[in-house]
Amino acid sequence: MSLILEQLPSAEEFFKSYWNKKAFVVRGMIPKDITEALIDEDHLAGLAMEEDVKSRLVRKGRNIEDWRCDYGPFEEEVFSELGEEDWSLLVQNIDQYHPETADLLTLFNFCPRWLLDDIMVSFSPKGGTVGAHTDSYHVFLIQGKGARRWKVAHEPIKNEDCIEGIPLEILKEGFDGEEVTVTEGDVIYIPPKFGHEGVSLEPSLTYSVGFLGPSLSEMLNEFGHYLEEHHENPPRYLGQNLTEDAAPFQISTQQISDFKSFMTDIFEEDYFTKWLTQYFSRPIHTDEEETLPEIEVPDQDDLLVKPPEVKILLAPLKSANKYSVSVGDCSFELDQEDLPLVSAMASEEPFKAEIFKDHPALLNTLLQQHKLDII
Ligand code: SIN
Ligand code: CO
């Protein structure tokens, strides 16, 4: 059973046969002019020295107890003391910091962008690895410069057991899988919970495009906060259907069912759909203190583009021809006839500002919030 496919599956085939089901490798999927423009190790190290950037350094030890994982920001001296082999520098959210790397996202448009977590980039000299592990997300591992040897599981690991007493999640038991060496431009898809382990054969860069579904608790928490902050009249349980059999210390099957309705009726409303669009397009990793410079309103002929790192999501509302749209943390409603606006933004290609001529206030908001760039 070889992991290697002749070519990238069609979107239909991908969801039918691979998404959550099977790992694969596509050789040479990313052209050289794209891989050459991706962030390099020097830039990566520079980011790892910054306060707001999430980074970690994994150092392999002689014995498993000697493995280290340290979190950034790092001082410059740390890098000079690392030695020639057996370490990995991993930096997250590179899609927010390096536009040419963010451009990789459009190559994965067969996946729901609204589930994108981030692009994480790792640099490792020979022997660098984070060990055998699984992830909760779907990941496309794009090999940049250099070569890496990977072992990838054929199926998800059911009872994951990690080595205790070390600062990394490394699988205790090995896993069955296939070994493959990847070089520049090759892409591996790994579904959630499939074991994998990559070891650099020479100095190499790996770009991980991760799609992560939220946990139920995250969604319930976030929806709860949203209700609290945005609902004009947040529903409250008033015990409308209670009778004497609830007193003093019990609830009946009927009352449990009433609670279920109380908690879920709101999911039938447009309110929930609007929350969903804003939830999945919200910027996850923002620099909160950043003050955005004011943007001048463009001429109709000026070209605009939505950068790939800004998420956009569209969902139908209950009334015919009405849609909820979110672009980053800007949410609004549009009629069907205005959907070309969404298509223009979602294309991530330049389009003329005149497309917004009937929605100048919306254009202004999107520009001031830096959801669109003028080029
Ligand atoms: C790496 O880039 O070294 C690790 C990526 C992964 O295994 O998910
Ligand atoms: Co992984």
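Residues numbered from 1 in each chain as written. Chains lettered and ligands numbered in written order. Predicted model: local features only at pLDDT ≥ 70, side-chain atom pairs only at ≥ 80, totals over all residues. Heavy atoms only, no water.

Moving on, we come to the site of ligand 1. Around ligand 1 sit Leu90, Met120, Ser122, His133, Asp135, Leu141, Arg148, Trp150, His196, Thr206 and Ser208, and those are all the residues in its vicinity. Within the side chain of Ser122, one N or O atom sits 2.6 Å away from an oxygen atom of ligand 1. Contact between ligand 1 and His133: an oxygen atom at 3.0 Å from a side-chain N or O atom of the residue. When ligand 1 sits alone it has 250 Å² of accessible area, and the protein chains cover 98% of it. Counting residues per element, the ones that place at least two in the shell around ligand 1 are strand E6 (116-124), strand E8 (148-156) and strand E12 (204-211). When its residues are assigned to classes, the shell around ligand 1 shows four nonpolar, five polar and two charged. (Near = heavy atom within 4 Å. Polar contact = N/O pair within 3.5 Å; in protein donor to acceptor, adjacent residues only side chain to side chain. Areas by Shrake-Rupley, 256 points an atom, 1.4 Å probe, with all protein chains shown as cover. Helix = DSSP H or I, 4+ residues; strand = E, 2+ residues; numbered from the N terminus. Nonpolar A, V, L, I, M, F, W, Y, C, P; charged D, E, K, R; others polar.)

Next up on the list: helix H11 (residues 360-368). Restricting attention to buried positions, one finds in H11 the residues Leu362, Leu363, Leu366, Leu367 and Gln368. On the buried face of H11, the contacting elements are strand E13 (303-305), strand E15 (322-327), strand E16 (330-335), helix H10 (339-347) and strand E18 (373-374). With its phi angle positive at about 60°, His370 sits one or two positions after the end of H11. (Buried < 20%, exposed > 50% of the residue type's maximum accessible area, 1.4 Å probe, protein only. Contact = heavy atoms within 4.5 Å.)

Coordination angles at a metal have ideal targets, namely 109.5 degrees for four tetrahedral donors and 90 or 180 degrees for six octahedral donors. Distances from the cobalt ion (ligand 2) to its protein donors, His133 (NE2), Asp135 (OD) and His196 (NE2), fall at 2.0 to 2.1 Å. Binding-site remark: the cobalt ion (ligand 2) is held by donors from one chain whose sequence spacing is H-x1-D-x60-H. Residue His133 shares its accessibility class with Asp135, and that shared class is buried. (Donors = N, O, S within 2.8 Å, 3.2 Å for Na, K, Ca; no water.)

Between its terminal C-alpha atoms helix H7 (residues 216-230) stretches 21 Å, which fits the 21 Å expected from 15 residues at 1.5 Å a residue. Of all the residues in H7, the buried ones are Phe223, Tyr226 and Leu227. Seen end-on, H7 carries its buried residues on one side only, within an arc spanning 100°. In H7, the exposed positions that point more than 90 degrees away from the buried face belong to Glu228 and Glu229. Buried-residue contacts for H7 involve helix H9 (270-281). (Expected span 1.5 Å × (residues − 1). Arc of directions from axis to C-beta.)

What follows deals with the pairing of E8. The pairing of E8 with strand E9 (residues 177-182) spans six bridges and is antiparallel. Residue pairing across strands places Arg149 opposite Thr181, the latter belonging to E9. Where E8 and strand E11 (residues 194-200) come together, six bridges link them in antiparallel fashion. Residue Pro156 lies in a different strand from E11, and its bridge partner there is Phe194. (Pairing = 2+ DSSP bridges.)

Our focus in this paragraph is the environment of Glu41. Looking at where Glu41 falls in the secondary structure, it is placed in helix H3 (residues 41-48). Glu41 sits 164 residues away from Leu205 along the chain, and the two C-alpha atoms are 7.4 Å apart. Excluding residues that lie within four positions of it along the chain, Glu41 makes contacts with Phe123, Lys145 and Leu205.

The linkage connecting Gly72 with the following residue, Pro73, adopts the cis geometry, with an omega of 5°. Structurally, Pro73 is set in the loop between strand E4 (68-71) and helix H4 (76-80). In this model, Ala247 is joined to Pro248 through a cis peptide bond whose omega is -10°. Position of Pro248 relative to the elements: it lies in the loop between H7 and helix H8 (253-264). Of note, the phi angle at Asn20 is positive, near 70°, even though the residue is not glycine. Structurally, Asn20 can be placed in the loop between helix H1 (11-18) and strand E2 (24-26).

As a further point, take the sheet that holds E13. Strand order in the open sheet formed by three strands is E17-E13-E18, with antiparallel pairing between adjacent strands. In the strand order of this sheet, the two ends are held by strand E17 (351-352) and E18, each with one partner. Here two bridges tie E13 to E17, and the two strands are oriented antiparallel to one another. Its bridge partner being in E17, Leu304 is matched across the sheet by Phe351.

Glancing now at the pattern of salt bridges. Following the criterion strictly, the structure yields 15 salt bridges and no others. Of the charged contacts, one joins Glu184 and Lys32 as a salt bridge, the two residues approaching to 3.9 Å between their closest N and O atoms. Of the two residues, Glu184 sits in the loop between E9 and strand E10 (187-190) while Lys32 sits in helix H2 (residues 32-35), which places them 152 residues apart along the sequence. Note that Asp335 is salt-bridged to Lys322, the shortest N-O span being 2.6 Å. Here Asp335 is found in strand E16, whereas its partner Lys322 is found in strand E15, with 13 residues between them in sequence. Here Asp335 falls in the partly exposed class, since its relative accessible area comes to 27%. Connected through salt bridges with shared partners, the residues Arg59, Arg68 and Asp70 form a single ionic network. (Salt bridge = Lys/Arg side-chain N within 4 Å of Asp/Glu carboxyl O.)

The values reported here are purely geometric and, on their own, carry no functional implication.
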